[in-house]
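Architecture at a glance
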Amino acid sequence: ECEGFAQRVLLAESDILQTLDYDIFWRGVKWVLRAAIEGGNLEQKYADHIMSNALSGPILAAGDELWLTHGIGVIFVAVAGVLRHKIEPLFDALSLVPIRVSQAAELIKQAILRNPSAKKSTYPLYEGGEDALETHVHNINKVCMQATVRNVDGRKNMSLLGET
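Residues numbered from 1 in each chain as written. Predicted model: local features only at pLDDT ≥ 70, side-chain atom pairs only at ≥ 80, totals over all residues. Heavy atoms only, no water.

**Points about the confidence of the model for the protein chain**
In the predicted model, the protein chain carries a mean pLDDT of 86, and 85% of its residues have values of at least 70. Within the model, the stretch residues 156-160 combines pLDDT values under 50 with 2 contacts to residues more than four positions away or in other chains. (pLDDT = per-residue confidence, 0-100. Contact = heavy atoms within 4.5 Å.)

Below, the structure written as structure tokens:
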């Protein structure tokens, strides 16, 4: 009986620590900025602009599917793509799976389109309107697909050479 109780306490403790990890111990965004600038060759002013848009109201309002599934690194790169920055170097700099960036871009597009305050001409992610947003997301999807194919081809070539 004591062993069962101890097991339940340990399980509850694990749940609490996991919740705290997401709710309180967030690593912040500086690591994303540092990686994007140092490894992704992004200028500080552009990195700051991308991050301010990634943390803007409509993107924050996109909800838990975007934020808990993808996280700030993936969101940062998806927003960079919507703002027409070159995103390929950011995949490696932030150690990202490109297809997740593509998925996040779709969620961001949906969040912007359902948020009336985001559909203002002054909101950088909606600049050019719905057609432009659709085009930017399409371009992100294309870049992500190409990067995924390159990664798969690269792994095939390495395995042919006997490397892992």
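Still more to cover.
**Details of the pattern of salt bridges**
Evaluation of the coordinates by the stated rule reveals 3 salt bridges. Among the salt bridges present, the one from Glu127 reaches Arg84, with a minimum N-O distance of 3.5 Å. With a gap of 43 residues between them, Glu127 in the loop between helix H7 (98-113) and helix H8 (129-160) and Arg84 in the loop between helix H5 (64-82) and helix H6 (88-93) connect regions that are remote in the sequence. Residue class for Glu127 comes out partly exposed when judged on its relative accessible area of 44%. Lys109 is paired through a salt bridge with Glu134; the nearest N and O atoms lie 3.1 Å apart. Of the two residues, Lys109 sits in helix H7 while Glu134 sits in helix H8, which places them 25 residues apart along the sequence. A relative accessible area of 37% means that Glu134 is categorised as partly exposed. Within this structure, Glu106, Lys109 and Glu134 form a network of salt bridges that share partners. (Salt bridge = Lys/Arg side-chain N within 4 Å of Asp/Glu carboxyl O. Helix = DSSP H or I, 4+ residues; strand = E, 2+ residues; numbered from the N terminus. Buried < 20%, exposed > 50% of the residue type's maximum accessible area, 1.4 Å probe, protein only.)

**Some points on the side chain of His136**
Here His136 shows up in helix H8. The contacts of His136, once residues within four sequence positions are left out, are Gly81, Val82 and Arg84.

**Section: helix H2 (residues 30-38)**
Those residues of H2 lying buried are Val32, Leu33, Ala35 and Ala36. Buried positions in H2, seen along its axis, are confined to an arc of 165 degrees and lie on one side of it. Opposite the packed face of H2, turned more than 90 degrees from it, sit the exposed residues Lys30 and Glu38. The inward-facing, buried residues of H2 contact helix H3 (44-54), H5 and H6. (Arc of directions from axis to C-beta.)

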